[in-house]
Amino acid sequence: MVRLYYRDSLWSLIAGPTIWAAHFLFCYISAAIFCAKSADPTADFQILRIVIGVATVVALIGIAIAGTQAVDDWRRALNAEWAADEDSLQIRRRFVGRAAFLLSGFSAVATVYVGMTVLFVSSCR
Amino acid sequence: MTDKTKVSSQDQEELRRKQEERLLTAWSAPKSWRYWSAVNNSEVGQWYTLTALSFLIFAGVLALIMRAQLAVPDNDLVSPDLYNQLFTLHGSVMMFLFAVPILEAVAILLLPELVGARDLPFPRLSAFGFWCFLIGGVFVCGSIFFGAAPSGGWFMYPPLSSDPAQSGIGADIWLLGLSFIEIASIAAAVELIVGVLKFRAPGMRINLIPLYAWYTLVVGGMILFAFPPLIAGDILLEVERAFDWPFFDADRGGSPLLWQHLFWIFGHPEVYIIFLPGVALIAMIVPTFAQRPVVGYSWIVLAAVGTGFLSFGLWVHHMYTTGLPSVSLGFFSAASTAVAIPTAVQIFAFIATVMFGRLVRSVPMLFAAGALAIFVLGGLSGVMVALAPFDWQAHDTYFVVAHLHYVLIGGMLFPVIAGVYYYFPFVTGKALSEKMGRIGFWLMFIGFNVAFLPMHFTGLRGMPRRVYTYPEGLGWDWLNLISTLGAFTLAAGFAAIVIDIFRPKGKQPYCQRNPWNAGTLEWLEEIPDQPWGVRSIPIVQHRYPLWDDPDFIGKVDRGEFYLPDAEELRRETMVTSVLDAEPIQCLRVPGPSFLPMITAVFTGAAFIAATFHLYWPTLAAGILAFASLIFWLWTGTAEIPEKEEKDVGLGLSLPLYRSGPHSVGWWAMFITMLGDAAAFASLIFAYFFYWTIHSDFPGSPTGAWALFCYGIGIAAVLGAWALTFASRRWNAAGAVSASRLAIIAAIVLALASGAALLAAPYIDGLDPRLHAYPAIVWILVLWTVAHIGIGVVMLGYCLARSLAGRLTPRYDIDICNVALYWHFAAINGALAPMLVALFPLAV
């Protein structure tokens, strides 16, 4: 299984949102440069569309990997007895896995939101 | 009972009394005039909170004057220029001197108690931050009494703010006075992040920390990446005003839009920097008055972290009307609507907590409920203005004024007052009046809605914000009058609360301990308060330890946990690991000192003198500030303990000194340098921004000699970095002389690098006053050289420490932290020259 981060680290929480941020920045920067530098932005818009589409797919794959890993950490810890606030390493792992999973899900939704822009807007003006 | 056990219990009693005496000696605040040298989080937190509340009252009065002016059409209560100063100062003070500082203040006050620590990691740094805040704040606020307040709006758009002739001294006061406070905010962020990550009581794993601490962690991270772009913008704007470098002057290749980008990259996260600590207070209050654990803990963590990230992708929604490509607007519109998801998640979690609990009615809960109601309305109008086509109609009208006040007053003022009522017994041992609270709440709640709800309609009817008056008959008259009546009602409610806070409470009895029957650690506090914070540092096994174990308070009081004593009469607390809070160090934190105040006074003097372009006094004050800082560091940090380890109780012995990634200083350096890197990235952003808007940017290609100089500069800075790294290694290995020689060589190389980097643009004949291109090149080079210069000072400091025997192979905090600094300095030192040298050749 592909792992993006060590099991016991806080990276798990921010892996999904960080990919969202990188994707967002990429979309913003590529659109800004494209609109400023393209000789005919209207004719070439399809290029930007493809670039952002590919970036969105890549970002979603990354988030999916982070999310799968989070689910894996969460599920492994699920064997530990269910208790809301028990003090054990397993419960801590379960919490981090679950929160990381939720954050990955949210990041995926936000990434789709941002990527969808180029389906509806096709102009630099 | 036998005689023997009686004697031993008497002994126990005696021991406990002795321990308390020693703790008291170590932790008591200094008396009489020396009181102002206090650095403990409870004193500094209280000063900070009261100062921020005074600024709130000041800015509120400014708002009332504005509302009086707008009550009727064609009013002439204030002049147009004074009106400009009023709204600029109102916005700036509320944002920079109240909203952000109050939440830092509350965090400084609460955080150590919430996580079971005795103090914050860097008490003197908090004190320094407070004094900076006080000096800078009084300076900025005072300007209006001389008719010299800033008048360009709280976001200071150039060209309105960049022409010294038009804007007068006010813009300089804003730029320098507030930059000074922004630096204090970053200091507080570093303090709070390290506090949450490393200062939690043993056993308090990351899933057990109070939600307030989660929010504080997220907000600290946000401050770290949001404030530096503004500081970078402030530097550019002040340099344009003082030295005529045309960063924002369109005639000479600059762009006013660059300021808007830099300002709002700060300004939008700022909204959440203000809002999240407000919700954090609600997250503490709601479970207490529902008498059950919060519902959806991990969902709320999702909301906090998710909002923190998304808030950085919203800044352009303040710039929808500036003519950016519509596809770009689309990205920001998408992110702006997406941020409603995590925001709503936490609100549902609170509602669920109340639903599943047994609600106890109280004033804090009333304010919390009012806050949510108001905030939800503000959030909904926020989704409206997040949609670009709607925003094009509403932009710069009173609709936006209404929206932002709903967000800020619902998201932060009401929660703060809820927090004041909730935590007043925690701070003073006495409760506020239930009756006054209710009167205050209803006046404020009704007054607020009467004042701001009509503004939506005034705005939709076309009234622009920031106009000092308006003619009658446009349909705005009675709406404005109603708003003014509402504003004064709101102020009356607030006055009731201020009276309740300041009324003498000498005869009122102390309230009982843990008066709200809360479950979190801060309510361990004894009433009246003892200066040591917690009697012994507990082992935490539950999110609500006071509910989990009925005798928890007793165990802490009897000193049955860690550090129940201060044998050496030193202030001590525990450092634990990030994820699972395993004890790793017994840290001695510094006690009272006037040094933070003195350093802040000199730093303030330097900034204030610079405002008036008095450069010799600036230099003099700067040197004094530097000297007091070095004295402070030399005498107060990286102290070598008299023994290796200390018995902290319960059979645990912990080291008193740790360096590298195990020390809190290393973490502070790392976090500070992340913020510094964010400022550097903002300058790089500026460079590329110019490239996207100008076909003739960059100017002429770099000349051969300049290229050579840049090359030398990069090679030398990397050499200095490698030698610093080697020096650290050699020192640790015991090769002290080699380590010292490496430091000297690193200093020589760094100086050579600085000289070569300064020579390069000079040889190229770049004049920063002619065009934005040479100006941005010079700024990048100067930024880099300044960082190399700071690195040289640090290396010199390490050399001196080594020679003085304060830096040894075993005790090497200083060189570890300096080596960490140099990693960042080397990245900066290599990247910036490469960019300015090679980019003009590449395009």
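Residues numbered from 1 in each chain as written. Chains lettered and ligands numbered in written order. Predicted model: local features only at pLDDT ≥ 70, side-chain atom pairs only at ≥ 80, totals over all residues. Heavy atoms only, no water.

1. What about the overall build of chain B?
And step 1. For chain B, the count of helices and strands is 25 helices and 4 strands.
And step 2. At 28 Å, chain B has a C-alpha radius of gyration in line with the 28 Å of a compact globule built from 843 residues.
And step 3. Overall, the C-alpha framework of chain B stretches about 95 × 80 × 45 Å when taken along its three principal axes.
And step 4. Scored against the burial criterion, the 843 residues of chain B give a buried share of 63%.
And step 5. Contacts in chain B between residues at least 24 apart in sequence constitute 81% of all its contacts with a sequence separation of at least 6.
And step 6. By element, 70% of the accessible surface of chain B is carried by carbon and sulfur atoms, the whole surface being about 29,900 Å².
And step 7. Put simply, chain B has 46 plus and 56 minus side-chain charges, and the middle of one group is 9 Å from the middle of the other. (Helix = DSSP H or I, 4+ residues; strand = E, 2+ residues; numbered from the N terminus. Rg over C-alpha atoms; globule rule 2.2 N^0.38 Å. Buried < 20%, exposed > 50% of the residue type's maximum accessible area, 1.4 Å probe, protein only. Contact = heavy atoms within 4.5 Å. Areas by Shrake-Rupley, 256 points an atom, 1.4 Å probe, with all protein chains shown as cover. Lys, Arg positive; Asp, Glu negative; His and termini not counted. Charge placed at Lys NZ, Arg CZ, Asp CG, Glu CD.)

2. Focus: the overall build of chain A
And step 1. Along chain A, the regular secondary structure elements total 3 helices and 0 strands.
And step 2. The buried share among the 125 residues of chain A stands at 44%.
And step 3. Look at the contacts in chain A between residues 6 or more apart in sequence, and 76% of them connect residues 24 or more apart.
And step 4. Total accessible area computed for chain A in this model is approximately 6,200 Å², and 68% of it derives from carbon and sulfur atoms.

3. Structural notes on the pattern of salt bridges
Residues and elements named next belong to chain B.
And step 1. Enumeration according to the criterion identifies 29 salt bridges over all chains in this entry.
And step 2. In this structure, the salt-bridge partner of Lys 646 is Glu 567, at a minimum N-O distance of 2.8 Å. Here Glu 567 lies in the loop between α18 (552–557) and β1 (572–576) and Lys 646 lies in strand β3 (residues 645–649), a separation of 79 residues in the sequence.
And step 3. When its relative accessible area of 43% is taken as the criterion, Glu 567 is described as partly exposed.
And step 4. Between Glu 644 and Arg 810 there is a salt bridge, and its shortest N-O distance comes to 3.0 Å. Placement of the pair is Glu 644 in the loop between α20 (615–636) and β3 and Arg 810 in the loop between α24 (772–803) and α25 (813–842), with a sequence separation of 166 residues. (Salt bridge = Lys/Arg side-chain N within 4 Å of Asp/Glu carboxyl O.)

4. What about the pairing of strand β2 (residues 583–588) of chain B?
Residue and element names in this part refer to chain B.
And step 1. Along β2, 5 of the 6 residues are buried, which leaves the element largely enclosed by surrounding structure.
And step 2. Alignment of β1 against β2, held across 5 bridges, turns out to be antiparallel. What sits directly across from Met 574, in β2, is Cys 586. (Pairing = 2+ DSSP bridges.)

5. Some thoughts on unusual backbone geometry
Residue and element names in this part refer to chain B.
And step 1. Pro 158 connects to Pro 159 through a cis peptide bond whose omega is 5°.
And step 2. Considering the arrangement of structural elements, one finds Pro 159 in the loop between α4 (123–142) and α5 (164–167).
And step 3. The omega angle of the peptide bond from Phe 697 to Pro 698 is -5°, so this bond is cis rather than trans.
And step 4. Even without being a glycine, Arg 466 presents a positive backbone phi close to 70°.
And step 5. With respect to the element layout, Arg 466 can be found in the loop between α15 (434–460) and α16 (477–502).

6. Quick look at the domain arrangement of chain B
The extent of an interface is frequently quoted as the accessible surface area lost upon association of the parts.
All names here are of chain B.
And step 1. In terms of domain boundaries, chain B breaks down into domain 1 (36–502) and domain 2 (689–842).
And step 2. Measuring from the centre of the C-alpha atoms in domain 1 to the corresponding centre in domain 2 gives 38 Å.
And step 3. Facing 15 residues of domain 1, the contacting portion of domain 2 comprises 15 residues.
And step 4. Each partner contributes to the roughly 1,200 Å² buried at the junction of domain 1 and domain 2, and carbon and sulfur atoms together form 75% of this total.
And step 5. Of all residues in domain 1, Trp 245, Phe 247 and Gly 253 bury the most surface against domain 2, accounting for 42% of the area lost on that side.
And step 6. For the pair domain 1 and domain 2, the number of links is 0 salt bridges.
And step 7. Where domain 1 touches domain 2, the interface holds 4 residue pairs in polar contact (both at pLDDT 80 or more).
And step 8. Counting only elements with at least two residues in the side of domain 1 that touches domain 2, the list comes to α7 (211–243) and α8 (256–290).
And step 9. Residue contributions to the side of domain 1 that touches domain 2 peak at 4 residues, all from α7.
And step 10. Partitioning the side of domain 1 that touches domain 2 into residue classes produces 9 nonpolar, 4 polar and 2 charged. (Domains from an automatic or database assignment. Buried area = accessible area lost by both parts, 1.4 Å probe. Polar contact = N/O pair within 3.5 Å; in protein donor to acceptor, adjacent residues only side chain to side chain. Nonpolar A, V, L, I, M, F, W, Y, C, P; charged D, E, K, R; others polar.)

7. Overview of the packing of aromatic side chains
Residue and element names in this part refer to chain B.
And step 1. On inspection of all chains with the given rule, the structure shows 84 aromatic pairs over all chains.
And step 2. The ring of Trp 532 is capped by Arg 535, whose NZ or CZ atom sits 6.0 Å from the centre of that ring.
And step 3. Here the guanidinium or amino end of Arg 801 rests over the ring plane of Trp 634, the centre of that ring lying 5.1 Å away. (Phe/Tyr/Trp six-rings, centres within 6.5 Å; stacked < 30°, edge-to-face > 60°. Lys NZ or Arg CZ within 6 Å of the ring centre and 35° of its normal.)

8. Brief notes about the confidence of the model for chain B
And step 1. Looking at chain B as a whole, its pLDDT mean stands at 94, while 99% of the residues score no less than 70.
And step 2. Predicted complex metrics record ipTM = 0.93 and pTM = 0.95. (pLDDT = per-residue confidence, 0-100.)

9. Points about the side chain of Ser 362 of chain B
And step 1. Along the chain, Ser 362 of chain B turns up in the loop between α11 (340–356) and α12 (363–386).
And step 2. If sequence neighbours within four positions are ignored, Ser 362 of chain B has contacts with Phe 289, Glu 434 and Arg 438 of chain B.

10. Observations regarding the interface of chain A and chain B
And step 1. Taken together, the contact between chain A and chain B spans 45 residues of the former and 43 residues of the latter.
And step 2. Counting each side, the surface lost to burial between chain A and chain B is near 3,800 Å², with a carbon and sulfur contribution of 75%.
And step 3. Viewed at the interface, chain B and chain A are joined by 1 salt bridge.
And step 4. The closest approach of N and O atoms between Arg 92 of chain A and Asp 580 of chain B, which form a salt bridge, is 2.7 Å.
And step 5. Summed over the shared surface of chain A and chain B, the result is 7 residue pairs in polar contact (both at pLDDT 80 or more).
And step 6. Taken together, the elements giving at least two residues each to the side of chain A that touches chain B come down to α1 (11–37), α2 (41–78) and α3 (89–120) of chain A.
And step 7. By residue number, the principal contributor to the side of chain A that touches chain B is α3 of chain A, which donates 16 residues.

11. What to know about helix α6 (residues 170–198) of chain B
And step 1. Taking 1.5 Å per residue, 29 residues should reach 42 Å; α6 of chain B reaches 42 Å between its end C-alpha atoms and fits that length.
And step 2. Most of α6 of chain B sits out of view: 28 of its 29 residues are buried. (Expected span 1.5 Å × (residues − 1).)

12. Description of the nonpolar core
And step 1. Of all hydrophobic cores here, the largest spans 316 residues; its most connected members are Trp 214, Tyr 215, Phe 247, Trp 259, Phe 331, Tyr 687 and Trp 822 of chain B.
And step 2. It is α8 of chain B that provides the largest number of residues to this core, a total of 23 residues.
And step 3. Three or more residues apiece are contributed to this core by two domains, here domain 1 (36–502) and domain 2 (689–842) of chain B.
And step 4. Beyond its immediate sequence surroundings of up to four residues, Phe 331 of chain B is in contact with Phe 24, Cys 27, Tyr 28, Ala 31, Ile 52, Val 114, Thr 117 and Val 118 of chain A. (Core = buried A, V, L, I, M, F, W, Y, C linked by side-chain atoms within 4.5 Å.)

13. Some remarks on a nonpolar patch on the surface
And step 1. Residues Val 109, Val 112, Tyr 113, Met 116, Leu 119 and Phe 120 of chain A together with Ile 341 of chain B make up a contiguous nonpolar surface patch of about 620 Å² in total accessible area.
And step 2. Per element, the largest residue contribution to the nonpolar patch is 6 residues, and it comes from α3 of chain A.
And step 3. Within the secondary structure, Phe 120 of chain A sits in helix α3. (Patch = residues over 30% accessible without salt bridge, like charges linked within 9 Å, V, L, I, M, F, W, Y side chains within 5 Å.)

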